[in-house]
Amino acid sequence: MNEITKENFLWSALKIGLLGGAIALFICLIGMTEIFSKRAVIEKVITLGQFVLLAISVSCGLIAARRTSQLLRSPSAFSGLTAGLVAGLTVGLVLALFILAGDKINFRAVFLNASPALYKVLTFEKGIGGAWILPAAGAISGLLGAAFPLIPTSVRRPLFHAVLFLFFMALFSGLFRVVIINQGEKGEKIAKYLFGQTGMTVPGASIFFVLVGAISAFWSAFGKQIKTSASNLPKGGKIGLRVVAIVIIGIIALGLPRVSGPFIAQVIVIVALYILMGLGLNVTLGFAGLLDLGFVAFYAIGAYTVGLLTSYGPFGMQHISFWAAVPIAVLVAMCAGFVLGLPVLGVRGDYLAIATLGFGEIVRLLAGSDFLINYFGGPQGVIGIQKPCIGVLEAFTKIDVPRMCRGIELKDPQDIYYLAIFSAILIAFVSWRLRESRLGRAWMAIREDEDVAEALGINLIQTKLLAYMLGAAMAGLGGAIFATLIGSIFASSMQLIVSINVVALIIVGGMGSIPGVIVGAIALIGLPELLREVSEFRYLLYGAVLIIMMLVKPEGLWPSQAAKRELHHLDAEAGTEL
Amino acid sequence: MASILTAKKVTKRFGGLVAVNSVDFEIPEKSIVSIIGPNGAGKTTFFNCITGFNKPDEGEILFEGTPIQKLRPDQISRLGIARTYQNIRLFAEMTALENILVGQHIFLHASWLSAVLGTPNVVKEEQGALDEAKRLLDFVDLTGHGDTLARNLPYGAQRRLEIARALATKPKLLLLDEPSAGMNPRESEDLTVFIRRLRDALGITVLLIEHHMRVVMGISEHITVLDYGEKIAEGSPKEIQSNPRVIEAYLGRGAATEGMETAHERHQKKAG
């Protein structure tokens, strides 16, 4: 009996190892390993590519050990470690076999990424003789993974956090380096100490490792105490604490673009614009349940309106200031929402998705068409869009010459940052107020059951149209800011993929949830923008994230209040029945 | 007594099927009346004609003298007709309180702009609506369950919440579609008392579709029997109980020896 189970647990470890090996091989063959190898986690010690492969065998070891403790009647530390060793070794062997086979067969005919560079990375530049390193490294890391649960929690958690942090630092080290260098001479010295050209230096990594480990250890030891003492504060103290937190966040938000430089500021602006669009779609889709796959249309309409009204280029119809153009753009987008809403009022479900998709494409094609080239510039787009000016804008003189701004001109992404952040906060507030109003309830009622909502006296036509209009207005505002940020607009930037991104960020964040939109935008738009290395695999990761989300957390990263309130309610009244 | 609702020769067809065939019908004000009939007799279709879900092909429906057969459901609701559904149709992902607040929609007037600005009027209106919703929640014995999602309420509570939501529209006429479905005898007893209270305390006229004969016979002042879309009998509970056409419709020809109570039980068994 015991013999059979023993075989079973080794067999399962082997299976886990094979699976991990397949994943590792997959990552190698899509070219990820090669690209990640140019980036170091710790310079001259370990590259990101190696780190990812090691992480796979460590996880396999961990999973195999855990699985063993479930399979065996009397699991021992030894059997767990054996399983981890087997799993890790298998991962390494799969890769080693690939290298040995690659020496004889040319995989490159099918797999473009099975290049000499990849073999070099996998053999640690030791040629075919280096193939034995991988199984050895796999076995050791598998063993480490299996040993991980044996470490006491107080050590394990800080260790885990520190390693995780190193991974994130490795991903973002280029950004941090630039940010620190920007802080003057002293900053340059610090940056040189902490970071090399491709990753962290050994002292840098050790500092981060110790620091994060210490903070994590401190928090796990005293965190609970701090929390309880904070919740035991008198009411005044709590409010004070909150004010302090808001002030700190405010200062960080205000200072961030100055400290971080234009690139990060631009990424944040893009995220804010997606938040605006997301909040808009959240009204139509999240609240009222009306799917819209052509949402980019309203963004485009807002952008083109501002473009045409403020441009000093050849297509500028008027040359008014940005501030005067924004309300008009929002209004025009609102009207467009009305125009879209009217014909699709009676359309439900899948058909609605197709109809709105058509609307989005029509707007993009019209804007880029030769037919309207005299108005919208066709594929050349509208250029020379005036930047926002806080102060006095002098009169328009002639084409291709911007109006002079006497005052502060919001020229760079770092300046537009404030405008975008302010707009996002404002619209989030508007969304929240709408949600809590009679209108928000009517939308949700329509989402839940249209017929019943109508029988309760809700006018479906008015209420649905209003959802389309207000959602469109929010996206229009986003488009308006986008136009002035870039300074020019092209129909080709209003692709269907933008609409799909917005739908995806709402789903990932949590349908109908306002913080969910923000979290979703940061996760799906901000992170890929920041991670240049990953950008090549953006849609691969995107798809993987969406599938995993739908399987593991279908309600989204930050589900709406009702769901949370409900969970809380159940916790509080566990066991009581009506 | 004046009649609050009058239906004249109402006909509704679905393709070749005549679901409701030239039915005349009258509900006296502040009365409790019932429609009964075997499955598929057209009772719910008739309900849907009154509330505007279906537009009758022929005939006229007058509510307090106004023709309503061409109005939309939301317009009919504003006139003062509310309903519940055979298979409960609450807004499942909304809380109990929110469900009732949606029912109050027609009495709230805040525009989207004033709601965003949070003007004092809006704040006052919302507070008033919330108080009223809590009062209704108490009225149907759901005190303290305002924050529960509707889908997580037990079955009986969902039925009561649906009635509370209908009451929030301040109806003059309340249509209840099989309110006692799935209830045990004790619960149906409570329901009878509750429906009487609606009429006596709130002055609401009640029209019931009901299979539960004990409830129907105990509560109705007037009963109409439909079969294959046609009205085959009407009268007081006593008259209906002894009407041979009704017994025939329920039990089939030659089965008049069985009582209607057993027929109902058989129906329940089939449903279960």
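On a predicted model such as this, the values are computed, not experimentally measured, just so you know.

Regarding a nonpolar patch on the surface
Residue and element names in this part refer to chain A.
Logical step 1: Taken together, the side chains of Leu159, Val163, Phe209 and Val210 present a nonpolar region at the surface, about 290 Å² in accessible area.
Logical step 2: If you list the elements that add at least two residues to the nonpolar patch, you get α7 (153-181) and α9 (202-231).
Logical step 3: Counting through the fold element by element, Leu159 comes out in helix α7.

A look at the nonpolar core
Logical step 1: If you look at the biggest cluster of nonpolar residues, it comprises 140 residues, and the most contacted ones within it are Tyr274(A), Trp443(A) and Ile489(A).
Logical step 2: Considering each element in turn, this core owes the most residues, 17 residues, to helix α11 (residues 262-287) of chain A.
Logical step 3: When residues of this core are sorted by domain, at least three fall in each of domain 1 (3-218) and domain 2 (255-574) of chain A.
Logical step 4: By size, the runner-up hydrophobic cluster in this structure holds 36 residues, among which are Leu153(B), Ala166(B), Leu191(B) and Val206(B).

Some thoughts on the packing of aromatic side chains
All names here are of chain A.
Logical step 1: For the structure on display, the rule yields 19 aromatic pairs over all chains.
Logical step 2: Each ring, one from Phe287 and one from Trp443, has its centre 6.3 Å from the other, and the planes form 20 degrees; the classification is stacked. Taken as a pair, Phe287 in helix α11 and Trp443 in helix α17 (residues 438-448) lie far apart in primary sequence, 156 residues in all.
Logical step 3: The class for Phe287 is buried, based on a relative accessible area of 1%.
Logical step 4: According to the relative accessible area criterion, Trp443 is buried, its value standing at 0%.
Logical step 5: Look at Phe322 and Trp323: their rings are 5.3 Å apart centre to centre, the planes differ by 75 degrees, and that puts the pair in the edge-to-face class.

A closer look at the domain arrangement of chain B
Residues and elements named next belong to chain B.
Logical step 1: Taken as a whole, chain B is organised into domain 1 (1-80 + 173-272) and domain 2 (93-170).
Logical step 2: Computed over C-alpha atoms, the centres of domain 1 and domain 2 are 28 Å apart.
Logical step 3: The interface of domain 1 with domain 2 comprises 15 residues on the first partner and 8 residues on the second.
Logical step 4: For the domain 1 and domain 2 pair, buried surface summed over both sides reaches about 1,100 Å², with 72% attributable to carbon and sulfur atoms.
Logical step 5: The largest per-residue losses of area from domain 1 upon contact with domain 2 belong to Arg78, Phe194 and Arg197, which jointly make up 35% of the total buried on that side.
Logical step 6: Viewed at the interface, domain 2 and domain 1 are joined by 0 salt bridges.

The rules behind the values
Residues numbered from 1 in each chain as written. Chains lettered and ligands numbered in written order. Predicted model: local features only at pLDDT ≥ 70, side-chain atom pairs only at ≥ 80, totals over all residues. Heavy atoms only, no water. Patch = residues over 30% accessible without salt bridge, like charges linked within 9 Å, V, L, I, M, F, W, Y side chains within 5 Å. Areas by Shrake-Rupley, 256 points an atom, 1.4 Å probe, with all protein chains shown as cover. Salt bridge = Lys/Arg side-chain N within 4 Å of Asp/Glu carboxyl O. Helix = DSSP H or I, 4+ residues; strand = E, 2+ residues; numbered from the N terminus. Core = buried A, V, L, I, M, F, W, Y, C linked by side-chain atoms within 4.5 Å. Buried < 20%, exposed > 50% of the residue type's maximum accessible area, 1.4 Å probe, protein only. Domains from an automatic or database assignment. Phe/Tyr/Trp six-rings, centres within 6.5 Å; stacked < 30°, edge-to-face > 60°. Contact = heavy atoms within 4.5 Å. Buried area = accessible area lost by both parts, 1.4 Å probe.

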